[in-house]
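Architecture at a glance
Okay, here's what each chain looks like letter by letter:
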Amino acid sequence: MLLTALCCLLWSFRTSTGHFPRDCASSKSLIEKECCPPWRGDGSPCGQLSGRGVCQDIVLSNAPLGPQFPFTGVDDRESWPSVFYNRTCQCFGNFMGFNCGNCKFGFWGPNCTEKRLLVRKNIFDLSVPEKNKFLAYLTLAKHTISPDYVIPTGTYGQMNNGSTPMFNDINIYDLFVWMHYYVSRDTLLGGSQIWRDIDFAHEAPGFLPWHRLFLLLWEQEIQKLTGDENFTIPYWDWRDAKSCDICTDEYMGGRNPANPNLLSPASFFSSWQIICTRLEEYNSQQALCDGTPEGPLLRNPGNHDKARTPRLPSSADVEFCLNLTQYESDSMDKAANFSFRNTLEGFASPLTGIADASQSSMHNALHIYMNGTMSQVQGSANDPIFLLHHAFVDSIFEQWLRRHHPLQEVYPEANAPIGHNRESYMVPFIPLYRNGDFFISSRDLGYDYSNLQESEWDIFQDYIKPYLEQASRIWPWLIGAAVVGFALTAVLGVLTSLLCRRRKKHRLHEEKQPLLMGKEDYHSLLYQTHL
């Protein structure tokens, strides 16, 4: 009853962020390839009259790509978003959004000048009202049509190069499900041909930055939808778990006693319909997911392929990942060895760091373990556990960033799989964001994790200790410089003393000279003075 009341109370709030702006879905925008909607505050494109931004040409990275995708010009996601648009809003200062109407992550207020830091909590640390509010927000998002965004139901070619737009409305929660489908779907090559070895958000360097942005946008969307500006996504700490302890009706839905693949009728999520899961059907029809409901949410945790995933990740597994010093390595895909990203994603062993195609560990292990909708990459975001799971994965990413303090240049600039280079724009987001923009501390993006909030000792360890260690490495040179400086000072002191004594003797000698001097004597004294 409490959750129902909360949903009804919040129903009047309507907004969205997502990733084909409704204002840019017309044939005019698609043919002109321009997405610069007006900001409602002043009616000008990108809020230009208020100094929020301007409409500019998109500058694409020309850094070389890896060899994994051997085609050019066959997929709308290549060189994103240039197939659809080549002009978008470029926002100034702390403004952000497809029309520069939002604030950058970490800023707030009417002029985006207020800096803030929100904290994501462990779901088991939420109070009962906080937990119920979170569940109500999920339900509200599932039942609110996005007023700002639509999804394409055909490729740009199927839209006759923009002259015949093909877009559908979608609710806010499913908008993000669709984005996760679209970024990881197969390439449609025409006829019955497809290319499966492509993914703009997984199996490569962009995996962690892409999901970090996904969660930030989802979080920001709920804040706007509900008016709850302090809302944050909770995380599920699954280290050393023996079962799915959030799979109860109190939290994310228990098991249906009549059918173990379904959720308990007592759970809100038992009535949810999923989208974007019939991949073979889309491929055979050379079509895109159009957001049509495809049945109930499926989940049967623990009854998975135990040969591929023998257990859930342990604390030792996480610590091994955190000790890997390389963010990326080798081919920068799922075959990479000793790569923090590839090990955390779950394609390399958390015992050795060596890629192992026969095992699914770490992040991947949780998806396999759920044994249902969440176990299929493209449709996995249908299950709300996806949010809690990826929030914890992001917290591990954040811990690694704080431990190793990498420069942004550590993120690969070139030769990563398509869509994953540092300066590549992330699919399918409009406004545009680069992978490298999210290879920074979460605190610079306005959020932290309750399990990572630092004590004074942590601050010493993270910030002061590295500088002291660096100083210790150059300490012998500093001592040497001090000794040399002392010796030079002593030598100069001795020379100065000697000079002073000589000058004193000269003065005494001069005092003994007669007041009147001959010409020869004068020239002699003048020479000595010059010397």
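Residues numbered from 1 in each chain as written. Predicted model: local features only at pLDDT ≥ 70, side-chain atom pairs only at ≥ 80, totals over all residues. Heavy atoms only, no water.

In this section: the nonpolar core. Buried together is how nonpolar side chains tend to be arranged in soluble globular proteins. Formed by 114 residues in total, the largest nonpolar core has its most connected members in Leu 138, Trp 178, Met 252, Phe 340 and Leu 387. Excluding residues within four positions of it along the chain, Met 252 makes contact with Ile 123, Phe 134, Leu 135, Leu 138, Ile 246, Leu 263, Ser 267, Phe 269, Arg 299, Pro 384, Ile 385 and Leu 388. Ranked by size, the runner-up nonpolar core spans 10 residues in total, among them Cys 36, Cys 55, Cys 89 and Cys 91. (Core = buried A, V, L, I, M, F, W, Y, C linked by side-chain atoms within 4.5 Å. Buried < 20%, exposed > 50% of the residue type's maximum accessible area, 1.4 Å probe, protein only. Contact = heavy atoms within 4.5 Å.)

On to the environment of Met 370, then. Within the secondary structure, Met 370 is located in helix α9 (residues 362-370). Note: C-alpha distance between Met 370 and Gly 302 (68 residues apart in sequence) is 6.6 Å. Once residues lying within four places of it in the same chain are set aside, the contact partners of Met 370 are Trp 236, Cys 244, Cys 247, Arg 299, Asn 300, Pro 301, Ser 375 and Ile 385. (Helix = DSSP H or I, 4+ residues; strand = E, 2+ residues; numbered from the N terminus.)

Attention now goes to the pattern of salt bridges. Opposite charge on two side chains allows them to pair when their charged atoms are near. Within the structure shown, the criterion is met by 27 salt bridges. Of the charged contacts in the structure, one is a salt bridge between Lys 133 and Asp 228, with a shortest N-O distance of 3.3 Å. Residue Lys 133 is found in helix α3 (residues 128-142), and its partner Asp 228 is found in the loop between α5 (207-226) and α6 (279-285); the two are separated by 95 residues along the sequence. Classification of Lys 133 as partly exposed rests on a relative accessible area of 30%. Residue classification places Asp 228 among the buried residues on the basis of a relative accessible area of 13%. Here Glu 398 makes a salt bridge to Arg 402, at a shortest N to O gap of 2.8 Å. Taken as a pair, Glu 398 and Arg 402 lie in helix α10 (residues 385-404) at a separation of four residues, close to a single helical turn. Each member of the pair, Glu 398 as well as Arg 402, carries the same accessibility label: buried. Connected via shared salt-bridge partners are Arg 120, Arg 212, Glu 219, Asp 394, Glu 398, Arg 402 and Asp 448. (Salt bridge = Lys/Arg side-chain N within 4 Å of Asp/Glu carboxyl O.)

Our next topic: the state of the cysteines. Taken as a whole and assessed by the stated rule, the structure comprises seven disulfides. Note on cysteine connectivity: Cys 91 is disulfide-linked to Cys 100, with sulfurs 2.1 Å apart. On the sign convention where negative means left-handed, the S-S torsion of about -95° between Cys 91 and Cys 100 marks this disulfide as left-handed. The pair Cys 91 / Cys 100 is uniform in exposure class, with both members buried. (Disulfide = S-S within 2.5 Å.)

This paragraph deals with helix α7 (residues 315-323). Asp 317, Val 318, Cys 321 and Leu 322 are the residues of α7 that are buried. An end-on view of α7 places all buried positions within 135° of arc, on one side of the element. On its buried side, α7 packs onto α8 (340-345), α9 and α10. (Arc of directions from axis to C-beta.)

Under the feature "domain: Tyrosinase copper-binding" (unreviewed entry), the UniProt entry names residues 202-219 and 383-394. From the first C-alpha to the last, residues 202-219 spans 21 Å; its make-up is 72% helix and 0% strand. Between the end C-alpha atoms of residues 383-394 the distance is 18 Å, and the span holds 83% helix and 0% strand. (UniProt positions renumbered as here; feature names shortened; annotations may be inferred.)

Our focus in this paragraph is the packing of aromatic side chains. In the structure shown here, the tally under the stated rule is 41 aromatic pairs. On the numbers, 5.9 Å between centres and 80° between planes, the contact of Phe 20 with Trp 80 is edge-to-face. Of this pair, Phe 20 sits in the loop between α1 (2-10) and α2 (27-32) while Trp 80 sits in the loop between β2 (53-57) and β3 (87-91); the two residues are 60 residues apart in sequence, bridging distant segments of the chain. Note on accessibility: Phe 20 and Trp 80 belong to one class, buried. Pairing Tyr 327 with Trp 400 gives two aromatic rings, centres 5.8 Å apart and planes at 50°, and the pair type is tilted. Of the two residues, Tyr 327 sits in the loop between α7 and α8 while Trp 400 sits in helix α10, which places them 73 residues apart along the sequence. (Phe/Tyr/Trp six-rings, centres within 6.5 Å; stacked < 30°, edge-to-face > 60°.)

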